[in-house]
Amino acid sequence: MAIEHYFILSAILFCIGMAVIITKKNAIVVLMGVELILNAANINFIAISQLDNIKLGGQFFALFVIVVAAAEAAVGLAIILKIYKYFSTTNLDEINQLKG
Amino acid sequence: MEYSELLRPLPWTTPTILCLVILALPFVSFLLMAAAPDSSRRLMSWVSSAFILIAACISVYLLLSVWAQPASHTRFDWFSIASMPQITAGILLDINAALMLVVVNVISFLVHVYSTAYMKDDAGYKKYFAFLGLFTFSMLGIVLADNLLIIFVFWELVGLSSYLLISHWYQKDSASKAAKKAFIVNRVGDAGFLIGLAILWVQFNTLDIEALKVLMSQSTLAGGEWTTTLGYVLNADWLTVAGIGLFLGAMGKSAQFPLQVWLPDAMEGPTPVSALIHAATMVAAGVFLMARVFVLLDIDALTFVATIGAITAFMGAIAALTQHDIKKVLAYSTISQLGYMLMGIGVGAYDAALFHLFTHAFFKACLFLAAGSVIYALHEFEHDTGIKFDAQDMRNMGGLRKKLPFTFMAYGVSALALIGIPFFSGFLSKDALLSGAYAWADVMSGGGFSIYYLIPDLGFLTVILTALYMFRQLLLVFFGEFRIAAQHPGHSLTEVKEVPLVMKAVLTVLGIMSLGLIWSINPLDHSHSWFLGALKAPTILTPGFDIDWQPRLIELTLANHIKVTVISMTMIVIGALTGWFLYKPGSAYTKGYFQRKNTVNKLQALSYNNWHLDEAYKLIIEKPVLWIANGLSAFEKRVIDKAIDGFAVINVIIAHLIGWIDRMVVDGFVNFSVFFAGRIGVMTKSLQGGRVQSYILIAVFGIVIMIFWIIW
C-alpha cells in the first residue's frame, strides 16, 4: 500500500479530531478529539517508519506518544473532574472565566 | 548761582526740629482720637487739647526766639526727576510763619477746649476731635513748608479736613451739600494755583521759595520777554499770569469774589469749626500764601489782587446787611474782612494785611464762639421749654444782654474790634490797611485823580457797612425784648441759662486778645504797634519792578495816616448812627422783626442772596453743564448704546454659527473616532471571549497561515 494512503487517513483523522475539539461542547469529548489528533500523528510516524527499516525510530516515537497520551488523558480527566466539581458543568461554553 | 548751591541741603537746627514737633503733635492727636475706643472719648479729647496746648506753648517760644532774627531754614533732598534739579523739602520758619503758628495753635487749642463743652452730647464726638487734629496738622503744614509743592499738598489736605468738618452732621442734606460745594469751589481755585506752580516750574525748575526769590531777582524783563538765568524765555505776560494763578488758589481758600459762595454755606458745620476754620485759620491761608509769594508778584498781579480784594470786601459787607441767621452775618463779614486783607496784600501793605489777619483771627473766632454760646443757650432753652424754633435765627432772639451777660460782653468787645473802634485791635489793623490802600492810590495815580481811588473808596464804604451790620446784629440779638419767649408767654418762668464755665474761659481769652492794648502801646496809632515793628514788607523781587514803589508807599502811608483815621472814624459814626436809628429797640424794624419775611424788596433780595451769585452760577455753569450732560447722555443712549447693541447681536449670530460648526463638525469627528475605537474594541474583544475552543480555532488558523507562508 502506498504511503500516501496512510497520510490521507492521518489527515482525515486529524481533521475529525480538530472538528471534534472545536465544535463539541463537552470537555470530555474535546479530550477525545485530542486523542484522535495524537493518533493521527502516530499513524504518520508509523507510515514514515516503513521507509526506515533499520532504526525503527518512528515506531518507538509512536509508542512514546501513546504513553504520553495516556499520561495526558489522566491529567486532562483529573482537571475536567476538578472543573466539574467547581462549575457543576463540563460545558465549555459556560466555563468562560477567561473572557476579556 | 548754581542750582546745587541754591538747593543745597541745610542742616536741622533747634527751631526747625521744634517746628517738626509742633507739626507732629496734632497729627498724633488725630491718630489717637481715631484709634481710641468710644468709651474714652471725653478723656481723649482732653488729651488732644493738651497736645495742642503743648504745640501752642512751643510756638510761643519759637516766636520769641525768632523775633528780630533771620529765618531758620532746614532743607533736605526729597527726590529727583531725570536731569532736573533736586526736588527738596524742608521747613522755613520766619517771623510771619512763627506768628501764624501761634495764631493757629492758640485758636485751635481754644476751639478744642470750647468744643469739649459745645459738642458734649454729640454722637460724632470722637470723629469731630480727630478731624480737628487733622485740620490743625494740615494748616501747620502750609505754614511751615518751604516749598510751594508741599504747600500745595497741605493746601489740599486743609481742603479735605474742611470738607470733613463741614459735613460733620452729614445726615443733614444741607450739610453734605455745603461740604461738597466748599470742596468743588476750592478745586476751581486750586486749578489756578497749579497753573501758577507750573509756570514757575517751567521758568525756574524749582518750587523752593527761597530759591525762587533768588532766581526771580536774577531773571530779566526786556522787550516783552521774561528771561531766566537758565535761558528759559517766556512772554512777559506769563509773569503776571503766574501771580494771578497763585492768587486764584488764595481766592478759593480765602473766599474771594467770585469764589466766595462756599463760605456762607459752610456755616452748616458745627460753630466751633466755623470759628477755627472758616473765620480764623483756613480762610487766612490764602492771605498767608499771598504773603509767602508776595515778592514774586508783579505790579499787574498786585493790582488784580487789590481789585478783587476791595470788590469782595464791599460785596461781603453788603450781603451781611440783611441776613437773619446769626452765623451767616458773621460768615459774610468774614468774606468782607478777608477781602480787606487781600486788598492789603495787593496794595503793598503787606505788614498791615498780616496784622489784620492776626487781629481778625482772634476777634472773629471770639465772635463765632460767642455766637456759638448764644446758639448753645437757646438750644438748652428750646429743650427746657419744648418750644420748637430755629436757634440760629435772629428773629427768635433779642434782649439776650440780660440773660447772657457774659456772652454779651465777649460779643460786644469783639464786635467793636471788628467795626474798628479805637482801643480795640481791629482799629489798629484796619487803619493800617486803609492808610496803605490810600497811599497806594496816591502812588498809582501819580498825584492826579484816577480810577485807582476806587479801591480805598470801596474800603471806606465797607467801613460804614461793617459798622451798620454789626450794630444791627448786636441790637437784634442782645437788645429789645426776647422775641421767642414773648410769643410764648406760658414759659416766662424758664430762663435762658448762661453757658458752661469752659466756654466762658475761652471767650475771655479771645476777648482780651481783641483789645488794642495787647497789640500796640499806643492804641490810637498803628505805627507804634510792636507787631508792625517786627513785620516789614520784604522788597519785591520781580524783574521790572519800580524800586521806588515800596518806599514811596511807606512814606505816604505815614503821611496819610491822620487823614485816613479821621475819614474812617467818620464812616464808623455814620454807620453806627444809621444802625442805631434803624434797629434800636422799639423802632419799626424791630417791632415787625419776628414776623419779617426773608426779603421784602429787590434790593434786600440782592443782599440776602449774596448778589444772586448762586443763581448766576446755576444759570451760567450748572444749566449749560447739565444741558451738555443730558445731551451727551441722550447721544450715548441713542447712538453709542445702539451701536453696542448691534455689535452684540452680530456677535451672538456668529456665536450661534460657530456653535453649530462645533456641534456638527468638531463634535462629529470626535464622536466618530470614539465610535471607531469602540467598534475595534468590540471586535477585538470577541477574540478574548473566554471560549477556549475559539482560541484553539484561531491558533489553528494561525498555524495554517504560517505553514502556507513557510511552504511558499
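If you're wondering where the values come from, they're calculated on a predicted model, not measured in any experiment.

Peer 1: Quick question: what am I supposed to make of the side chain of Thr-228 of chain B here?
Peer 2: Relative to the assigned elements, Thr-228 of chain B resides in the loop between β4 (225–227) and β5 (233–235). Beyond its immediate sequence surroundings of up to four residues, Thr-228 of chain B is in contact with Gln-203, Phe-204 and Ser-219 of chain B.

Peer 1: Honestly, the interface of chain A and chain B in this entry has me stumped. Any pointers?
Peer 2: Accessible area lost on assembly of the parts is the figure often given for the size of an interface. Tallying the contact residues gives 14 residues for chain A and 10 residues for chain B. A combined buried area of about 920 Å² lies between chain A and chain B, and 63% of that area is made up of carbon and sulfur atoms. The tally of links between chain A and chain B comes to 0 salt bridges. At the surface where chain A touches chain B, the tally comes to 3 residue pairs in polar contact (both at pLDDT 80 or more). No other element matches helix α1 (residues 3–23) of chain A, which puts 4 residues into the side of chain A that touches chain B.

Peer 1: Sorry if this is basic, but what is going on with a nonpolar patch on the surface here?
Peer 2: The grouping of Ile-650, Ile-654, Leu-657, Ile-658, Trp-660, Ile-661, Met-664, Val-665, Val-666, Phe-669, Val-670 and Val-674 of chain B at the surface amounts to a nonpolar patch, some 1200 Å² of accessible area in total. Mapped onto the elements of the fold, Ile-650 of chain B is located in helix α27 (residues 613–687).

Peer 1: Can you help me understand unusual backbone geometry in this one?
Peer 2: Residues other than glycine predominantly adopt negative phi, and peptide bonds predominantly adopt the trans conformation. Residue Pro-258 of chain B is reached from Phe-257 of chain B by a cis peptide bond, and omega for that bond is 0 degrees. On the secondary structure map, Pro-258 of chain B appears in the loop between α9 (237–253) and α10 (262–265). In this structure, Ser-88 of chain A takes a positive phi of about 60 degrees despite not being glycine. Secondary-structure assignment places Ser-88 of chain A in the segment after α3 (57–87). Judged by relative accessible area, Ser-88 of chain A falls into the exposed class, the value being 57%. Despite not being glycine, His-612 of chain B shows a phi value in the positive range, around 55 degrees. Relative to the helices and strands, His-612 of chain B resides in the loop between α26 (602–608) and α27. The partly exposed category is assigned to His-612 of chain B, whose relative accessible area is 29%.

Peer 1: For this particular structure, what's the right way to read the domain arrangement of chain B?
Peer 2: When cut into domains, chain B gives domain 1 (167–614) and domain 2 (621–711). Distance from the C-alpha centre of domain 1 of chain B to the C-alpha centre of domain 2 of chain B: 79 Å.

Peer 1: Would you take a moment to explain the environment of Ile-387 of chain B for this structure?
Peer 2: Residue and element names in this part refer to chain B. Here Ile-387 lies in the loop between α15 (350–385) and α16 (400–403). Judged by its relative accessible area of 6%, Ile-387 is buried. Along the primary structure Ile-387 and Phe-358 are separated by 29 residues, whereas in three dimensions their C-alpha atoms are 40 Å apart.

Peer 1: What is the right way to read the sheet that holds β4 of chain B from this model?
Peer 2: Backbone hydrogen bonds are what pair the strands of a sheet, in a parallel or an antiparallel way. Residues and elements named next belong to chain B. If you walk across this open sheet you meet the 3 strands as β3-β4-β5, and the pairing is antiparallel. Each edge of the sheet is formed by a strand with only one pairing partner; in this case those strands are β3 (220–222) and β5. Along the sheet, successive strands turn relative to each other by an average axial angle of 30 degrees, direction set aside. Sheet topology note: the β3/β4 ladder contains 3 bridges and is antiparallel. Its bridge partner lying in β4, Thr-220 is registered against Thr-227. Against the sheet, α9 contacts β3, β4 and β5, and its axis sits at roughly 80 degrees relative to β5.

What counts as what
Residues numbered from 1 in each chain as written. Chains lettered and ligands numbered in written order. Predicted model: local features only at pLDDT ≥ 70, side-chain atom pairs only at ≥ 80, totals over all residues. Heavy atoms only, no water. Helix = DSSP H or I, 4+ residues; strand = E, 2+ residues; numbered from the N terminus. Contact = heavy atoms within 4.5 Å. Buried area = accessible area lost by both parts, 1.4 Å probe. Salt bridge = Lys/Arg side-chain N within 4 Å of Asp/Glu carboxyl O. Polar contact = N/O pair within 3.5 Å; in protein donor to acceptor, adjacent residues only side chain to side chain. Patch = residues over 30% accessible without salt bridge, like charges linked within 9 Å, V, L, I, M, F, W, Y side chains within 5 Å. Areas by Shrake-Rupley, 256 points an atom, 1.4 Å probe, with all protein chains shown as cover. Buried < 20%, exposed > 50% of the residue type's maximum accessible area, 1.4 Å probe, protein only. Domains from an automatic or database assignment. Pairing = 2+ DSSP bridges. Axes fitted to C-alpha atoms, helices over the stretch in contact; angles between N-to-C directions.

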